[in-house]
Amino acid sequence: MAAAYLHDIGYAPGLAATGFHPLDGARHLRSFGEEDLARLVAHHTNAKHEAGLRGIEDYEDEFPFGGTLLDDALTFCDLSTSPDGQLVTIEDRLAEIVERYGPDHVVARTVLAGMPGFERGRERVRRHCAEAGVSL
Ligand SMILES: [Fe+2]
C-alpha cells in the first residue's frame, strides 16, 4: 500500500533531480532506509525499460529488479487506475498514455513494450487474489 501511495513521489518538484520520476522517487525513499519500498518504486510499470531508453545504463545495479508479486501488484494497480482515479482496464490505460504523450515518447514506448509483462502480471495478481478469495 505504501508503494501504491508513493510510487510517483519522484514527480514532486523538490525531488526531481534527474527528471526520471521512478529513479528520483526511489533515491528519496532509500534516503530514509526504505530499501524494499525504493526498489518497488524504482521498477513500477516497466521503469527499467524506460531507464534504458533514457540512457541510464546502470539502473538495475542501483536498484535490482525483484520481479515479485508485489512488483506485479503495484504495476497492476498503477495501470488499472486512470489519472482521475477511475478503475480502467490496462488496455484502456495504455491507450490513454499513448494518446497523452504521443506514440514516440519514451513513456508511451515503455508501456507498449511492457504490455506482455503487464498481462502476465495481471494474471499473476488475479490468480493470487482468487486463491485468497478476493475478487477484483
Ligand atoms: Fe509513475
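That block above? That's the structure.
Residues numbered from 1 in each chain as written. Predicted model: local features only at pLDDT ≥ 70, side-chain atom pairs only at ≥ 80, totals over all residues. Heavy atoms only, no water.

S.K.: A description of the side chain of Arg 39 should follow, citing residues and the corresponding values.
M.R.: Residue placement: Arg 39 occurs in helix 3 (residues 35–42). At a separation of 3.1 Å, a polar atom in the side chain of Arg 39 contacts the side chain of Asp 71. Non-local contacts of Arg 39, meaning those with residues more than four positions away in its chain, are made with Phe 63, Pro 64, Phe 65, Gly 66, Thr 68 and Asp 71. (Helix = DSSP H or I, 4+ residues; strand = E, 2+ residues; numbered from the N terminus. Polar contact = N/O pair within 3.5 Å; in protein donor to acceptor, adjacent residues only side chain to side chain. Contact = heavy atoms within 4.5 Å.)

S.K.: So what's going on with the environment of Thr 89? Residues and values would help.
M.R.: The topology assignment puts Thr 89 in the loop between helix 6 (69–79) and helix 7 (90–101). Sequence separation of Thr 89 and Gly 55 is 34 residues, and the distance between their C-alpha atoms is 30 Å. Side-chain polar atoms of Thr 89 contact the backbone nitrogen of Asp 92, separated by 2.9 Å.

S.K.: With reference to specific residues and values, describe the layout of surface pockets.
M.R.: Of the voids in this model, the largest pocket is the one considered here, and its volume is about 450 Å³. As for the largest pocket, its lining consists of 25 residues, and the residues nearest its centre are Asp 8, Tyr 11, His 21, Arg 93 and Tyr 101. Counting residues per element, the lining of the largest pocket draws most heavily on helix 7, which supplies four residues. Residue classes in the lining of the largest pocket are distributed as 10 nonpolar, nine polar and six charged. Counted as a void, the second largest pocket has a volume near 280 Å³. Lining the second largest pocket are 18 residues, with Lys 48, Phe 65, Asp 72, Gly 117 and Phe 118 positioned closest to its centre. Mapped onto the lining of the second largest pocket, the elements with two or more residues apiece are helix 6 and helix 8 (106–131). Broken down by element, the lining of the second largest pocket gets its largest block of residues, six residues, from helix 8. Residues that form the lining of the second largest pocket fall into these classes: five nonpolar, eight polar and five charged. (1 Å grid on protein atoms, 1.4 Å probe; cavity = no way out; pocket = protein on both sides within 12 Å on 5 of 7 lines; lining within 4 Å. Points joined across faces, edges and corners; volume = space filled by probe spheres on them. Nonpolar A, V, L, I, M, F, W, Y, C, P; charged D, E, K, R; others polar.)

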